[in-house]
Amino acid sequence: MCFRLSDSKTGPRIVPLSPAAAKTLAGVPRFPGNPWVVPGRKPAEPLSGIFQQWRRARSLAGLDDVRLHDFRHSFAIHALALSETLRTIARLHGHVRLQITSRSAHFARGSVAAP
């Protein structure tokens, strides 16, 4: 299963989902006439602007200092720990240039290289 993004910073792209993520999304109830996983307030439109919901969820979880973007960095760090290549991580992140991904990788390698 995958997400098909019609618009992103680098243009349209496909984002693969893990089996666990696909199973979770398959279990989300749908609203008649609205094809979106997370429907917006208007009929047949997706939710836009998730930051209010993110702040509420973050507060309820006691994670007030966690940003959504932090999950991207965590993903890169874990992928490197599992010996994924920078090229693979860059593709999964939607990066056009490896330099962008290597910044996260440099941080990750430095953090796991304990003396």
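Above this text is the structure in question.
Bear in mind the structure is a predicted one, so any value in this text is a computation, not a measurement.

A. Inspection of the pattern of salt bridges at higher detail. Tallied over the entire structure, the rule returns one salt bridge. A salt bridge links Asp70 to Arg67; the shortest N-O distance between them is 2.7 Å. For Asp70, a relative accessible area of 21% puts it in the partly exposed group.

B. Broad picture of the layout of surface pockets. Taken as a whole, the largest pocket spans an internal volume of roughly 2000 Å³. The wall of the largest pocket is formed by 42 residues, among which Phe3, Leu5, Arg13, Val15 and Ile50 lie closest to the centre. Contributions of two or more residues to the lining of the largest pocket are made by strand E1 (2-5), strand E2 (13-16), helix H2 (51-60), helix H3 (68-81) and helix H4 (86-93). The element contributing the most residues to the lining of the largest pocket is H3, with five residues. Taken together, the residues of the lining of the largest pocket sort by class into 24 nonpolar, 10 polar and eight charged. Roughly 150 Å³ of internal volume is contained in the second largest pocket. If you go around the second largest pocket, the residues you meet are Thr10, Arg13, Ile14, Pro16, Thr88, Ala90, Arg91, Leu92, Gly94 and His95. When contributions to the lining of the second largest pocket are tallied by element, the ones reaching two or more residues are E2 and H4.

C. Layout of unusual backbone geometry. Its identity is not glycine, yet Ser83 carries a phi of approximately 70°, on the positive side. Mapped onto the elements of the fold, Ser83 is located in the loop between H3 and H4. Classification of Ser83 by relative accessible area gives exposed; the value is 63%.

Parameters at a glance
- What you see as residue numbers is a count from 1 along each chain, following the sequence as written.
- Confidence filtering applies because this is a predicted model: local features only for residues at pLDDT of at least 70, side-chain atom pairs given and counted only at 80 or more, and all residues used for totals across whole chains, interfaces and linings.
- To obtain the side-chain values, all non-hydrogen atoms of the structure were used and water was disregarded.
- Whenever Lys or Arg places a side-chain nitrogen within 4 Å of a carboxyl oxygen from Asp or Glu, that contact is recorded as a salt bridge.
- The buried label goes to any residue with under 20% of its type's maximum accessible area, the exposed label to any with over 50%, and the partly exposed label to all in between, with areas taken from a 1.4 Å probe on protein chains only.
- A cavity here means a set of points on a 1 Å grid, drawn over the protein atoms and nothing else, where a 1.4 Å probe fits but cannot get out; a pocket is an open set with protein on both sides within 12 Å along at least five of seven lines, and a residue lines either one if it has an atom within 4 Å of a point.
- Grid points are joined across faces, edges and corners, and a volume is the space filled by probe spheres set on the points.
- Runs of H or I in DSSP of at least four residues are treated as helices and runs of E of at least two as strands, each being numbered from the N terminus.
- The classification used treats Ala, Val, Leu, Ile, Met, Phe, Trp, Tyr, Cys and Pro as nonpolar, Asp, Glu, Lys and Arg as charged, and all other residues, Gly among them, as polar.

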